[in-house]
Amino acid sequence: MYVKPKKELGQHFLKDLSIAQRIAELLTMHPGVDGAPYTKVLEIGPGMGVLTQFLLQNTNIDTYVIEIDRESVDYLKQHVPALEGKILGADFLNIRPDLLPAKQANSTEPFAVIGNFPYNISTQILFKVLDMRDRVPEVVGMFQREVAQRVASGPGNKDYGILSVLLQAWYDIKYEFTVDPNVFNPPPKVFSGVISLRRNKTTDLGCDVKRFTQVVKHGFSQRRKTLRNALKPLLPSEIALASPLMDKRAEQLGVAQFVELTLLMSEVVKE
């Protein structure tokens, strides 16, 4: 039995076992904000289980998979008996977070996320992980190289953007290695990049998270302009307008400076 890659699902099946093993070995059992290591791992889009087989070899973790492709689900059920009862035939983006990783309602336990992510939904996967940040202490994923570089880039880099700031507020991120198109079936038209995200100890940014997100998104919406101009729609306070941060562009600010600016945005002059 063979699963045919489906273009509409963005499937590019990894066929190089050494790379799959290398990705699996990037999991470190990194503890969450409470200091406890996770024991469960959720692989997104396992396909025919090339990466899954190496996860299953790790006796320190309990591996679950989530797969939207019915054909891949049937393949895994027939060929990977170790996954019995651990296959979620669902869309990661639409499943209730509390049902992850083991389809148990009202779950709050931590779990790691790993996968060769479909390029067309990879940023959406990261945004969902961001929403579950206190339950997901570690992420290891393969992305289109440009996306991986963007997520891992720091201030002052042309790749640095919205996703960089929002994720780096809660995770320490490392670009691990680049992957050639030829190790996939079918080969994508771009190079891939593997990155790791490990939850930092931040539990509170010190500002309103929704406001912080607004400031970051508006700041990068016109990234060539200074923040003084880019943030006008948010009606910054007089104190914020007087800040030297407003004379910079969004790509020049780190997470701490965006937090500072967020606090200034709503601060009122005391008489």
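Look up: the structure comes first, before these words.
Heads up: these notes are all about the structure in this document. (Residues numbered from 1 in each chain as written. Predicted model: local features only at pLDDT ≥ 70, side-chain atom pairs only at ≥ 80, totals over all residues. Heavy atoms only, no water.)

Quick look at the overall build of the protein now. Each helix and strand counted, the protein has ten helices and nine strands in total. Based on the C-alpha atoms only, the size of the protein along its principal axes is roughly 75 × 40 × 25 Å. Counting across all 271 residues of the protein, residues that qualify as buried make up 51%. For the protein, contacts bridging at least 24 residues in sequence account for 67% of all contacts bridging at least 6. Put simply, the protein shows about 13100 Å² of open surface, and 50% of that area lies on carbon and sulfur atoms. Averaged over its 33 positive side-chain charges, the protein has a centre that lies 5 Å from the centre of its 30 negative ones. (Helix = DSSP H or I, 4+ residues; strand = E, 2+ residues; numbered from the N terminus. Buried < 20%, exposed > 50% of the residue type's maximum accessible area, 1.4 Å probe, protein only. Contact = heavy atoms within 4.5 Å. Areas by Shrake-Rupley, 256 points an atom, 1.4 Å probe, with all protein chains shown as cover. Lys, Arg positive; Asp, Glu negative; His and termini not counted. Charge placed at Lys NZ, Arg CZ, Asp CG, Glu CD.)

Moving on to the environment of H218. Checked against the element boundaries, H218 lands in helix α7 (residues 209-221). Residue classification places H218 among the partly exposed positions, given a relative accessible area of 26%. Counting along the chain gives 28 residues from H218 to M246, while the straight-line C-alpha distance between them is 13 Å. Among all residues touching H218, those that are not within four sequence positions of it are A230, L231, P233 and L234.

With respect to the helices and strands, the residue K7 is situated in the segment before β1 (13-14). What makes K7 exposed here is its relative accessible area of 81%.

At 3.6 residues per turn, the α-helix brings residues three or four places apart onto the same side. Burial in helix α1 (residues 17-24) covers these residues: I19, A20, I23 and A24. Down the axis of α1, the sector holding all buried residues measures 140°, keeping them to one side. Its buried side turned inward, α1 meets β1, α2 (52-56), β5 (111-116), β6 (138-144), β7 (171-179) and β9 (192-199). (Arc of directions from axis to C-beta.)

Turning our attention to the pattern of salt bridges. A complete count under the given rule lists 13 salt bridges for this structure. K6 is the salt-bridge partner of D69, the closest N and O atoms lying 3.1 Å from each other. Pair noted here: D69 is in the loop between β3 (62-66) and α3 (70-79) and K6 is in the segment before β1, with a separation of 63 residues, a long-range link. By relative accessible area, D69 is classed as buried at 5%. Residue R199 pairs with D134 through a salt bridge whose shortest N-O separation is 2.6 Å. A residue pair is termed long-range when its members are at least 10 positions apart, and R199 in strand β9 and D134 in the loop between α4 (122-131) and β6 qualify at 65 residues. Residues joined by salt bridges that share partners form a network here, namely K6, D69 and E71. (Salt bridge = Lys/Arg side-chain N within 4 Å of Asp/Glu carboxyl O.)

When you line up the elements, T63 lands in strand β3. In this view, T63 contacts V41, L55, L56, L83 and K86; residues no more than four positions away in its chain are not counted.

On to the packing of aromatic side chains, then. Centre-to-centre distance and the angle between the planes together describe a pair of aromatic rings. Under the definition given, this model contains three aromatic pairs. Joined through ring pairs, the aromatic side chains of Y160, F220 and F258 make up one cluster. Against the face of F177 rests R22, its NZ or CZ located 3.8 Å from the ring centre. (Phe/Tyr/Trp six-rings, centres within 6.5 Å; stacked < 30°, edge-to-face > 60°. Lys NZ or Arg CZ within 6 Å of the ring centre and 35° of its normal.)

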